[in-house]
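# Architecture at a glance
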Protein chains: 4
Amino acid sequence: AAGARVLRGCVHKPRTRPESFQGMGAAGLPLLDEARRSTGLPVLAEPLQPEDIDGLRGHADALLVGARSMQNTPLLRAAGRSGMPVVLKRGLAATYDEWLGAAEYVLAEGNRSVILCERGIRTFETTTRNTLDVGAIPVLRERTGLPVIVDPSHAAGAAAWVPALALAAVAAGADGLLVECHPRPDTAWSDAAQAVTPAVLAEIVAATEMLAALTRSPRCEDLGGCRDAIDAVDGVLGQLLERRAELVACAQRAKQARDLPVRDAAREAAIARRVALRAPRLGTAGAAAVMSAVVDACLVAAAPVPA
Amino acid sequence: AAGARVLRGCVHKPRTRPESFQGMGAAGLPLLDEARRSTGLPVLAEPLQPEDIDGLRGHADALLVGARSMQNTPLLRAAGRSGMPVVLKRGLAATYDEWLGAAEYVLAEGNRSVILCERGIRTFETTTRNTLDVGAIPVLRERTGLPVIVDPSHAAGAAAWVPALALAAVAAGADGLLVECHPRPDTAWSDAAQAVTPAVLAEIVAATEMLAALTRSPRCEDLGGCRDAIDAVDGVLGQLLERRAELVACAQRAKQARDLPVRDAAREAAIARRVALRAPRLGTAGAAAVMSAVVDACLVAAAPVPA
Amino acid sequence: AAGARVLRGCVHKPRTRPESFQGMGAAGLPLLDEARRSTGLPVLAEPLQPEDIDGLRGHADALLVGARSMQNTPLLRAAGRSGMPVVLKRGLAATYDEWLGAAEYVLAEGNRSVILCERGIRTFETTTRNTLDVGAIPVLRERTGLPVIVDPSHAAGAAAWVPALALAAVAAGADGLLVECHPRPDTAWSDAAQAVTPAVLAEIVAATEMLAALTRSPRCEDLGGCRDAIDAVDGVLGQLLERRAELVACAQRAKQARDLPVRDAAREAAIARRVALRAPRLGTAGAAAVMSAVVDACLVAAAPVPA
Amino acid sequence: AAGARVLRGCVHKPRTRPESFQGMGAAGLPLLDEARRSTGLPVLAEPLQPEDIDGLRGHADALLVGARSMQNTPLLRAAGRSGMPVVLKRGLAATYDEWLGAAEYVLAEGNRSVILCERGIRTFETTTRNTLDVGAIPVLRERTGLPVIVDPSHAAGAAAWVPALALAAVAAGADGLLVECHPRPDTAWSDAAQAVTPAVLAEIVAATEMLAALTRSPRCEDLGGCRDAIDAVDGVLGQLLERRAELVACAQRAKQARDLPVRDAAREAAIARRVALRAPRLGTAGAAAVMSAVVDACLVAAAPVPA
């Protein structure tokens, strides 16, 4: 599933005009079941009115309250009573206060599983479908303990701009992403322009995992937590080593062209010192040992295959 | 200079009301000279009218055309004729087209050194001073070859939110940042609320260098370029190793509490496989060698200091 | 009822936070009945979800779909099926297209009684609660035959600015107004700041009737229609004559102070010519006869009461 | 001049892109002189930088500071020092406070002749070129004694919508209008879509004079002032009488078709009472005398021309 952890499956779609495709309705529920079974992933679905929630029960694992419904108070209350996690999208012209006020309607029913979803606001700039308000992330961090995720697809409105917005969101501290993906975007029944391919989704997932490993303070409350955090760091280490190996191959080709020797002891020492400065826990010796292994492995990788 | 590469020194300030501090004017020019001399950094200064540019010559290295002046066409033409690099801030309600149109006035004078600076747009949301439009970055990448930098300070309006916006900008692909910094922000003569301390600026610079190393395709046209790119990767490697050492220390404490052995051969093998998957150029053996050195160094670092 | 033709009585209120007053709910329905009985006016009430519409039947004469519900498609469809007239407020960031798209949901159910209500949009300017978009009126005139009314109260957000916005709306061509009024605004349970007193409402009604008489093309399809239109013109004539009499009294005092004669034949002739130019159907003689009567009546009114 | 009282003649034009027509520059000054001579009207011209003001002296009577220049503080100061009246347009995303702050720069130079010009703000709605903020008028009335005028042309962006916005502005209390007009709009060198014809301008002027006569409290400090105010009232009276004559002609045709008598004494008495209620200064007798003359004149006008 290209790195996705939750599937969005909306059988009810709020559309601007009545003649547009309005979703499959109840007829789509078996498809949600099948998607859930075949992927093993939980499903997020959007109700448009309180009675839709009963219909989704057993087919969906979490509810999405869309931007157009952010202040639909009967729907918010019913979502709260459902006990299911609720992803609450920001209305397209909602202030932070109004958004948190809407969350209060869910929380007031005793449902603590509310996830806020920034999806871009409406501004004078119409090149992008909406304007992604990344500032929402640090502001909400201060004002609430609720998780904040971002939908870069509705903000961008065009697939080409989705990765940049996704990375920006994670860098600003978002807890997750809601990305529209389609195996053949040009054939999507709605929002075709903004759906990315599974390959692009996989790249976004890899990049955001790397960002998260670098920028988040991991919770290491027990051995399992520590190991998960170490695994995340190692994942990024792997990506960095791959990139380094590629750069060393380039450097070696440049050296060959100028008849320079493969190794340069002074530079290798400088490299070890540079890393030791950034990793004081390892000490000079630890950093030197690691970088020696790194330099060797990269040189081996860069060596021309013998004929 | 906390990682800064250019100093902003504005002796003319466009203020909302005439009774506000309007900058030091020509009396401030010797301060620009001194700042330039003592730091060795180039200085960026803002003219408000064509004749200010002549006054700045010899004291400043680049010109800042502020948001309020984005469509001041005589100023744009004069900045173009100056031959100095021009940082062109986006007007607070300017579309991409209008912004690029303003850049055309500079370019039309034969000055190709135009740098676009996104600084947040004016929207209905007033918690942040402006709404940072990160979407501008991928859109402008498509439409122009001009570099795009971001001013997270005017967008945030509050120092606490500046780092998140700075990281978001770099993650989205910005080529640089323009950050307001003050050794004692509460005593700043203008924009006190949004100035970060030098310590915070240094953290922002470190984090953005790491992001840039991870997310940008380096230009490796010659040996020097390759080495710069390798150094950037190694800088991030150092940060990751430091984090990893800290996590391993946590894990070891958790193991000690449960009387578990220090090493776990099966997990070490899994770690090597994980990295090998992400770094196929290194091959299984190369990845194993590097991770073996990493695991050893982290364990040494985690070992309790002998009494 | 201070000139009002319809009463708004909302027993369900969509509020930003759950702890705010949410309306009286079903307990308020007898109050709607009483208001309807005692005033003889039809009642407009706001449902928040489809099932509210059944509860309102028999107590309300028309439905208000509020700004927050503009894209609540199940509610729009149910309002359409109700057969009651539907006042559809514009969402606070809805484009004209989206607004007309929402109206289509009601129309698609066979309900042709849709009235569009502009109530201000959300912009960067927050001094007024919203920004009244008077441009909506001529644009919608072109795009649809549906009536367009305006809510100046939610746009202004402050009672003092409501009359100016109300007059602007009618001058721009609005077919009606939705004005919040309270006998003692400071004691209102919601939106206290923007409620006008009944006395101010009466002034707004008088002024808008005058404007409408002057600026609308009356429909004179039968004698009754013609007479209604003539009555409207005469109402304005009355107001103008009152103002003229007051001005003549001022002028006479100024003349007395300078010992000038009461009448001035040349000026009276000029007055008749001025009016004849504007009223070519009356001809010179008709205009002269009317203005002679007007001048005489004003002079009599201006004459000092004999001691 | 179709009712215009001032001509706008901008020889310098701030355009979005350098390849657009930038105005005639100094070469256009003789045209300003000729326009001023041939019409006898004062000329309003827009400088883009301080030095333009010296060039305009002797050719223009007042300065226009455009929306793009609203926060060009050197220009504002120079306009202040010029001693000429300054029309200060609102920046397209300027708050009221920023706009008044800009006015302070002119006032601070000792120039009290500042006229504020609302021209629409930039919002998400792009059907109209900008969104006319009529709320600015009552708000500024409270906050400043400076006159407020409105440019409906830039707000509408299309000639067809200009009259509605013009009337709305005057109804909301604007002190004047700045309307773009062209004898053949389709051949205009800039802003062709929003220019009205002289015939439409004349209609706008007539309608706004009527509105102003009805809704403004005239200043009657001396005989001249009183007479001007009476003339304005009479101008509206003329328009109303013309409309009434037209309606009576319709009514008479309807009566003829049903063989009803030309006059109806009961209705005529009711008409006199209606007017007497609105014009208490005239008294019953005065109102009756005036309306008798009005009814007679309208009936004469409505009588079929004898064969």
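Here's a quick rundown of the structure. (Residues numbered from 1 in each chain as written. Chains lettered and ligands numbered in written order. Predicted model: local features only at pLDDT ≥ 70, side-chain atom pairs only at ≥ 80, totals over all residues. Heavy atoms only, no water.)

All names here are of chain D. Structurally, Lys13 can be placed in the loop between strand S1 (7-8) and helix H1 (29-39). This buried residue, Lys13, is left without a salt bridge; Asp191 holds the nearest opposite charge, at 4.9 Å. Residues contacting Lys13, with those up to four places away along its chain left out, are Phe21, Gln22, Gly23, Leu48 and Ser190. (Helix = DSSP H or I, 4+ residues; strand = E, 2+ residues; numbered from the N terminus. Buried < 20%, exposed > 50% of the residue type's maximum accessible area, 1.4 Å probe, protein only. Lys, Arg positive; Asp, Glu negative; His and termini not counted. Salt bridge = Lys/Arg side-chain N within 4 Å of Asp/Glu carboxyl O. Contact = heavy atoms within 4.5 Å.)

Attention shifts here to the environment of Leu146 of chain D. All names here are of chain D. Note on placement: Leu146 falls in the loop between helix H5 (136-143) and strand S6 (148-150). Each C-alpha atom, one on Leu146 and one on Ala254, is 51 Å from the other, the two residues being 108 residues apart in sequence. Setting aside residues up to four positions removed in sequence, Leu146 forms contacts with Ala103, Leu107, Arg112, Val114, Leu116 and Arg141.

What follows deals with the sheet that holds strand S6 (residues 148-150) of chain A. Residue and element names in this part refer to chain A. Pairing is parallel in the open sheet, where seven strands are placed in the order S1-S2-S3-S4-S5-S6-S7. Every other strand in the sheet has two partners, leaving strand S1 (7-8) and strand S7 (176-177) as the edge strands with one partner each. In this sheet, S7 lies alongside S6 in parallel orientation, the contact comprising two bridges. Bridge pairing in S7 links Ile149 to Gly176. (Pairing = 2+ DSSP bridges.)

Looking now at the relation of the copies chain D and chain C. Rotating chain D by 180° and translating it 0.3 Å along the rotation axis places it on chain C, where the RMSD comes to 0.4 Å. Overall, the copies show the geometry of a two-fold rotation axis. The position closest to the rotation axis in chain D is occupied by the C-alpha of Ala168 of chain D, lying 1.8 Å away. Of the interface residues in chain D, 99% have counterparts in chain C that sit at the interface too, so the contact is made through matching surfaces. (Least-squares fit on C-alpha atoms with pLDDT ≥ 70 in both.)

The next subject is the nonpolar core. Grouped burial of nonpolar side chains is what soluble globular proteins tend to show. Formed by 108 residues in total, the largest nonpolar core has its most connected members in Leu88, Leu116 and Val134 of chain C together with Leu88, Leu116 and Val134 of chain D. Sequence-distant contacts of Leu116 of chain C, that is, excluding residues within four places in its chain, are made with Leu88, Trp99, Leu100, Ala103, Leu140, Thr144, Leu146, Pro147, Val148 and Ile149 of chain C. Counting 107 residues, the second-largest nonpolar core is a separate cluster that includes Ala78 and Val114 of chain A together with Leu56 and Ala174 of chain B. (Core = buried A, V, L, I, M, F, W, Y, C linked by side-chain atoms within 4.5 Å.)

This paragraph deals with the packing of helix H10 (residues 265-278) of chain D against helix H11 (residues 283-302) of chain D. Residues and elements named next belong to chain D. For the pair H10 and H11, the least separation of the axes is 8 Å and the interaxial angle reads 125°. The angle between H10 and H11 places the two elements in the oblique class. As for how H10 packs across H11, the hand of that crossing is right-handed. In this structure, H10 contributes Glu268, Ile271, Ala272, Val275 and Ala276 to the contact, and H11 contributes Thr284, Ala287, Ala288, Met291 and Val295. A per-class count over the contact of H10 with H11 returns eight nonpolar, one polar and one charged. (Axes fitted to C-alpha atoms, helices over the stretch in contact; angles between N-to-C directions. Parallel < 35°, antiparallel > 145°, perpendicular 65-115°, else oblique. Left-handed = near helix turned anticlockwise from the far one by under 90°. Nonpolar A, V, L, I, M, F, W, Y, C, P; charged D, E, K, R; others polar.)

We now examine the sheet that holds S1 of chain D. All names here are of chain D. The seven strands are arranged S1-S2-S3-S4-S5-S6-S7 in an open sheet whose pairing can be described as parallel. With partners counted over all chains shown, the strands left at the sheet margins are S1 and strand S7 (176-177), one partner each. Of the strand pairs in this sheet, strand S4 (residues 86-89) and strand S5 (residues 114-118) are connected by four bridges, and their pairing is parallel. Note that in S5 the partner of Val86 across the bridge is Val114.

For the rest of this paragraph, the subject is the interface of chain D and chain C. With 88 residues of chain D in contact, the opposing surface of chain C contributes 87 residues. Taking both partners together, chain D and chain C bury about 7,700 Å²; carbon and sulfur atoms supply 71% of that area. A salt bridge links Asp264 of chain D to Arg227 of chain C, with the shortest nitrogen-to-oxygen separation between them at 3.5 Å. One can count 15 residue pairs in polar contact (both at pLDDT 80 or more) joining chain D with chain C. Every element with two or more residues in the side of chain D that touches chain C is listed here: H5, helix H7 (162-171), helix H8 (198-215), helix H9 (223-257), H10 and H11 of chain D. Counting residues per element, the side of chain D that touches chain C draws most heavily on H9 of chain D, at 26 residues. (Buried area = accessible area lost by both parts, 1.4 Å probe. Polar contact = N/O pair within 3.5 Å; in protein donor to acceptor, adjacent residues only side chain to side chain.)

Here the focus is the pattern of salt bridges. Under the criterion given, the structure shown has 89 salt bridges over all chains. For Arg122 of chain C, the salt bridge goes to Glu98 of chain A, with nearest N and O atoms at 2.6 Å. With Arg122 of chain C in the loop between strand S5 (114-118) and helix H5 (136-143) and Glu98 of chain A in helix H4 (residues 96-107), the pair connects residues from two separate chains. Residue Glu98 of chain A is classed as buried on the basis of its relative accessible area, which comes to 14%. Across the pair Arg36 of chain C and Asp61 of chain C runs a salt bridge whose closest N-O atoms are separated by 2.7 Å. Here Arg36 of chain C, found in helix H1 (residues 29-39), pairs with Asp61 of chain C, found in the loop between helix H2 (50-56) and strand S3 (62-65); they are 25 residues apart in sequence, far enough to count as distant. Within this structure, Arg90, Glu118 and Asp133 of chain A together with Glu125 of chain B form a network of salt bridges that share partners.

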